[in-house]
Amino acid sequence: MTRNVARTHQPLNLFDMWRGMSRQARREAIEGYICISPWLIGFVMFVAGPILASLVLSLTYWDIGSAPRWVGMQNYVEIFTNDGDFLQALKVTLTYAVVTLPLHLVLGLALSLLLNLRLRGMNFYRTLFYIPAVLPIVAVTMLWIWIFNPEFGVINHLLSLVGIEGPTWFHSPRWALPGLMLLGLWGVGGGAVIYLAGLQNIPPHLYEAAEIDGANIWRRFWRITLPLLTPTLFFQLVLNLIATFQVFTQSYIATQGGPLQATFFYMLYIYNKAFGTLRMGYGSALAWILTLIILAVTLLVFRSSPHWVYYEAERRKEDA
């Protein structure tokens, strides 16, 4: 009897599970795999395959013109010990992330609070603020190059009306990066729409009860709106965090990483190494370092989420 109990607790492998299925269940399983096979094939060929290939290539020297030559960890050693451009690219990217990430979160939340007001024609304004988030980034960058033009740009013209001489923006090592930061805030309306969805999911009776208790608008915001909006805030934080580490198009089109590497983002550095100098192995190593940095920061955010993200459903389970 002991042997039988021990056998029943042994984990089943896939073959045993397949044998234990009925004919109808097997047929449904086969049909299901056939239906998802295009996605599986595409995932293996265009996602999982390139990821594994880049990992292998990061341990080689490959200039496309010749076969990859195995060099082990040499690319990584060179990056950390003999590559000043790596530190500059990482510095620019981190600076951009530290400044723009909080601004994206705060401005998106503030805009969503305005778009949540019950005013006439509000649907029009919601659409208007969301449009920049879906415009092609190349077209948007070209537009902002004209806006920041030091001679006939809109911003410097407005500054001249109040007696202020505008900077040269993308032509200045001091102002090029702040200009790209302002450009990055152009799509804040997309995040505002996501916040708006979270705001509209907050039960109205909570505000009604707080108002009856005498809570003013600021207390209702800090005690009701913000805590119940933390899951949406957490979602926005993770997405924007990953996006800020992957800035490329704006810098490539507007400044090419200049002037004096003031806008030399990490993704632009990867592009220059992989496709400019054709050092594909070196570029793959840079890409994996960025992947590990993003992974570490994202995991840190996830580990911190239990201390500040409020889930009403989980709180109800604890109370029950």
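Fair warning: this is a prediction, and the values are worked out from it, not measured in the lab.

A closer look at the pattern of salt bridges
(1) Moving on: Scanning all chains against the criterion turns up two salt bridges.
(2) Moving on: Between R27 and E31 there is a salt bridge whose closest N-O contact spans 3.3 Å. Within this pair, R27 and its partner E31 are both found in helix α3 (residues 23-57), separated by four residues, close to a single helical turn.
(3) Moving on: The exposure class of E31 is partly exposed, given its relative accessible area of 39%.

Quick notes on the environment of L59
(1) Moving on: Along the chain, L59 turns up in the loop between α3 and β1 (60-61).
(2) Moving on: Put simply, L59 and Y76 are 17 residues apart on the chain and 8.3 Å apart in space, counted from C-alpha to C-alpha.

With respect to the domain arrangement of the protein chain
(1) Moving on: Domains assigned within the protein chain are domain 1 (15-57) and domain 2 (76-319).
(2) Moving on: Computed from C-alpha atoms alone, the centre-to-centre distance between domain 1 and domain 2 is 36 Å.

Remarks on the confidence of the model for the protein chain
(1) Moving on: Within the protein chain, residue pLDDT values average 88, and 92% of them lie at 70 or more.
(2) Moving on: Low pLDDT, under 50, characterises residues 1-9; the predicted model gives this stretch zero contacts beyond four residues in sequence or across chains.

A short note on the packing of aromatic side chains
(1) Moving on: Considering all chains together, one arrives at 18 aromatic pairs under this definition.
(2) Moving on: Taking 5.1 Å as the distance between ring centres and 85 degrees as the angle between the ring planes, the aromatic pair formed by Y96 and F265 counts as edge-to-face. One end of the pair, Y96, is in helix α5 (residues 84-115); the other, F265, is in the loop between α13 (249-254) and α14 (266-276), and 169 residues separate them in sequence.
(3) Moving on: Judged by its relative accessible area of 4%, Y96 is buried.
(4) Moving on: When its relative accessible area of 1% is taken as the criterion, F265 is described as buried.

A word on the environment of I293
(1) Moving on: Counting through the fold element by element, I293 comes out in helix α15 (residues 280-304).
(2) Moving on: Expressed as a C-alpha distance, the spacing of I293 and G84, which sit 209 residues apart in the sequence, is 18 Å.
(3) Moving on: Setting aside residues up to four positions removed in sequence, I293 forms contacts with L90 and F245.

Cut-off values and rules
- Residues numbered from 1 in each chain as written.
- Predicted model: local features only at pLDDT ≥ 70, side-chain atom pairs only at ≥ 80, totals over all residues.
- Heavy atoms only, no water.
- Salt bridge = Lys/Arg side-chain N within 4 Å of Asp/Glu carboxyl O.
- Helix = DSSP H or I, 4+ residues; strand = E, 2+ residues; numbered from the N terminus.
- Buried < 20%, exposed > 50% of the residue type's maximum accessible area, 1.4 Å probe, protein only.
- Domains from an automatic or database assignment.
- pLDDT = per-residue confidence, 0-100.
- Contact = heavy atoms within 4.5 Å.
- Phe/Tyr/Trp six-rings, centres within 6.5 Å; stacked < 30°, edge-to-face > 60°.

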